[in-house]
Amino acid sequence: MSRVFVVGTRGSALALKQTDMAVGALGRASRDTAHEVREIKTEGDRDQQTPLSAVAGRGVFTSDLEQALLREELDIAVHSLKDLPTTETEGLILGAILPRGDVRDAVISRYGMFLQELPPGSTVGTSSSRRVAQLRSSYPGLKAESIRGNVDTRIRKLRRGEYDAIVLAAAGLERLGRLDEATEILETDEMMPAPGQGAIALQCRGADTETLNLLRSVDHAPTRAAVTAERAVLDVLEGGCSVPVGAYASVDGLMLKLAAVVCSPDGETVIKESSEGPAADPETLGRQLGGRLLELGAAELIKQFAAASP
């Protein structure tokens with residue numbers, strides 16, 4: 001009899017869709033397995049009031065799933081990779097990174113205006129300090145404010161008039177079949193994405209060889225190389241998943257191109273660097289670029305962010 005793998009996920013529509021994608025990939029890789037999906041409510045789901053900048057690095061959307069893995073209540077946990085802290089939890093391993101979706105950010109505005117067309121003082125909602133800092137840098141006349149909730153909740157808040165526009169991940173909108181609601185898509189040179197944005201990670205216990213072998217069969221090497229470099233930058237900067245650090249890597253043949261940005265909370269200071277190196281060694285490329293950002297003053301900007309956080 002085939003083994004039934006218990007797959008854990010958050011309960012939002014996007015998380016469930018991503019889990020469906022993961023289960024589909026696993027089913028195609030091994031038809032002699034079955035999967036049971038189990039929803040886990042995380043700290044980030046329970047607390048919809050605290051700004052994410054106040055809990056940077058704590059893994060509020062991932063730690064409950066990880067604990068369920070360690071208790072052997074789950075065999076596999078499905079995460080949005082950008083939510084996972086860069087420090088790996090002891091006993092757990094990222095067995096697979098699925099082929100990446102769109103890395104870019106999308107804007108939905110109430111009146112169909114691009115960001116550059118919004119009147120001064122217009123309110124733009126986002127849950128990400130990275131986006132807030134870059135918005136303040138590129139559009140100082142706009143008012144960037146925190147917004148919490150899943151994709152549906154954020155769009156409802158926009159439609160109710162609580163915000164003039166919102167910024168969120170294009171991959172999430174696409175996976176939910178709502179990309180046509182986007183007013184514009186921001187290119188990476190205008191809005192650098194979060195490290196790992198658009199990537200779905202499958203995590204398991206390192207000692208669970210059967211599950212790990214299954215996950216390795218769906219691992220996408222180009223995506224893993226890219227996100228490894230991006231997350232190495234973040235790790236060097238000792239920033240949590242909610243600090244104003246953006247990074248984006250792409251594989252070009254045997255080479256990996258990497259760019260990263262660190263902003264002050266007010267967006268007035270921006271440090272941006274890029275590099276390239278062998279795709280076979282993404283960790284080194286990311287750590288070297290992170291080191292250059294530190295030499296250019298990134299540590300001070302991170303300190304400013306910590307001081308400004310609630």
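What comes next concerns the included structure. (Residues numbered from 1 in each chain as written. Predicted model: local features only at pLDDT ≥ 70, side-chain atom pairs only at ≥ 80, totals over all residues. Heavy atoms only, no water.)

## Concerning the overall build of the protein chain
Formally: In DSSP terms, a helix is any run of H or I states spanning at least four residues, a strand is any run of E spanning at least two, and both are numbered starting from the N terminus. Within these notes, the globule rule equals 2.2 Å times the number of residues to the 0.38 power, and the radius of gyration is based on C-alpha atoms. Throughout, a contact is declared for two residues whenever any of their heavy atoms are within 4.5 Å. Throughout, the Shrake-Rupley method with a 1.4 Å probe supplies accessible areas, and for residues the shown protein chains are the sole cover considered. Charged residues are defined here as Lys and Arg on the positive side and Asp and Glu on the negative side; His and the ends of the chain fall outside this count. The atoms used to mark charge sites are NZ of Lys, CZ of Arg, CG of Asp and CD of Glu.
Along its length, the protein chain carries 10 helices and 13 strands. Its C-alpha radius of gyration of 19 Å places the protein chain within 12% of the 19 Å reference for a compact globule of 310 residues. If one aligns the C-alpha atoms of the protein chain with their principal axes, the spans along those axes are about 65 × 45 × 35 Å. In the protein chain, the share of contacts with a sequence separation of at least 24, taken over all contacts with a separation of at least 6, comes to 71%. Surface summary for the protein chain: the accessible area is close to 13,500 Å², and the carbon and sulfur share equals 47%. Considering the protein chain, the positive charge centre built from 35 side chains and the negative charge centre built from 44 side chains are found 4 Å apart.

## Regarding the pattern of salt bridges
For clarity, the threshold we go by: Throughout this description, the term salt bridge denotes a Lys or Arg side-chain nitrogen within 4 Å of a carboxyl oxygen of Asp or Glu.
Applying the stated criterion across every chain, the model contains 24 salt bridges. In this structure, the salt-bridge partner of Asp-152 is Arg-178, at a minimum N-O distance of 2.4 Å. Highlighted residues: Asp-152 in helix α5 (residues 151–159) and Arg-178 in the loop between α6 (170–175) and β9 (184–186), separated in sequence by 26 residues. Each of Arg-3, Asp-75, Arg-205, Asp-208 and Glu-210 takes part in a single network of salt bridges with overlapping partners.

## A few points about the sheet that holds strand β6 (residues 123–126)
Strands in a sheet are paired, the pairing made by backbone hydrogen bonds, and the direction either parallel or antiparallel. As a reminder, the rule being used: By this definition, two strands are paired if DSSP reports at least two bridges between them. To get an axis, fit a line to the C-alpha atoms, keeping to the stretch in contact for a helix; angles then go from 0 to 180 degrees between the N-to-C directions.
In space, the 5 strands of this open sheet follow the order β7-β6-β8-β5-β9, with mixed pairing throughout. A single partner strand is all that each edge strand has here, and the edge strands are β7 (143–146) and β9. Taking the axes of each pair of neighbouring strands and ignoring which way they run, one obtains an average angle of 30 degrees across the sheet. Of the pairings in the sheet, the one linking β6 to β7 comprises 4 bridges and is parallel in character. Residue pairing in the sheet places Gly-125 in a bridge with Glu-145 of β7.

## Focus on the nonpolar core
Cut-off, in case you're wondering: As used here, the term nonpolar core means buried Ala, Val, Leu, Ile, Met, Phe, Trp, Tyr and Cys residues forming a set that is joined through side-chain atoms within 4.5 Å. Classification of residues uses two cut-offs on accessible area relative to the type maximum, computed with a 1.4 Å probe and protein chains only: under 20% is buried, over 50% is exposed, and between them is partly exposed.
Core analysis: the biggest nonpolar cluster contains 20 residues, and Val-233, Leu-237, Leu-256, Leu-258, Val-262 and Leu-293 have the highest contact counts within it. Contributions of two or more residues to this core are made by α8 (221–236), β11 (245–252), β12 (255–263), α9 (282–295) and α10 (298–308). With 17 residues, the next largest nonpolar core counts Ala-22, Leu-98, Leu-212 and Leu-215 among its residues.

## Considering the pairing of β12
Counted residue by residue, β12 has 7 buried out of 9 residues, so it is predominantly covered. Two elements, β11 and β12, share 8 bridges in a ladder whose sense is antiparallel. Within β12, the position partnered with Gly-246 by the bridge is Val-261. Hairpin connection between β11 and β12: a loop of 2 residues separates the two successive antiparallel strands, and Gly-253 in this loop has a positive phi of roughly 70 degrees. As defined by bridge partners, β12 adjoins strand β13 (residues 270–278) across 9 bridges and the pair is classed as antiparallel. The partner of Leu-258 across the bridge, within β13, is Ser-275. The hairpin formed by β12 and β13 contains 6 residues between the paired strands, and Gly-267 there has a positive phi angle of roughly 80 degrees.

## Side note on the side chain of Arg-100
Going by this rule: We call two N or O atoms a polar contact when they sit within 3.5 Å, provided that within protein one can donate a hydrogen and the other can accept it, with sequence-adjacent residues counted only if both atoms are side-chain atoms.
For Arg-100, the location among the structural elements is in the loop between β4 (92–97) and β5 (105–109). A distance of 2.8 Å separates the side chain of Arg-100 from the backbone oxygen of Gln-197, its partner in a polar contact. A polar contact is formed between the side chain of Arg-100 and the side chain of Glu-230, at a distance of 2.7 Å. In this view, Arg-100 contacts Ala-194, Gly-196, Gln-197, Gly-198, Ala-199, Thr-223, Ala-226, Val-227, Glu-230, Tyr-248 and Ala-249; residues no more than four positions away in its chain are not counted.

## Some remarks on the environment of Ser-217
When you line up the elements, Ser-217 lands in the loop between α7 (209–216) and α8. Here Ser-217 falls in the partly exposed class, since its relative accessible area comes to 46%. Residues Ser-217 and Leu-26, 191 residues apart in the sequence, show an inter-C-alpha distance of 8.1 Å. In terms of polar contacts, Ser-217 uses its side chain to reach the backbone carbonyl oxygen of Leu-214, at 2.5 Å.

## Side note on α7
For clarity, the cut-off: Here the arc refers to the set of directions running from the helix axis out to each C-beta atom.
Of the residues making up α7, those classed as buried are Thr-211, Leu-212, Leu-214 and Leu-215. Projected onto a plane normal to the axis of α7, the buried residues spread over an arc of 160 degrees and lie on a single side. Where the residues of α7 are buried, they touch β1 (4–9), α1 (13–29), β2 (34–39), β3 (76–80), β4 and β10 (200–205).

## So, α9
Put simply, the rule reads: Here, expected helix span is obtained from the residue count minus one, scaled by 1.5 Å.
The first and last C-alpha atoms of α9 sit 20 Å apart over 14 residues, in line with the 20 Å expected at 1.5 Å per residue. All of the buried residues in α9 are Pro-282, Leu-285, Gly-286, Leu-289, Gly-290 and Leu-293. All buried residues of α9 lie within an arc of 130 degrees about the axis, which places them on one face of the element. Of the residues flanking the end of α9, it is Gly-297, one or two places downstream, whose phi is positive at about 110 degrees.

## What about the side chain of Asp-208?
Summarising the element assignment, Asp-208 is placed in the loop between β10 and α7. A distance of 3.2 Å separates a polar atom in the side chain of Asp-208 from a polar atom in the side chain of Arg-3. Once you skip the residues sitting within four places of it in the chain, Asp-208 turns out to touch Arg-3 and Asp-75.

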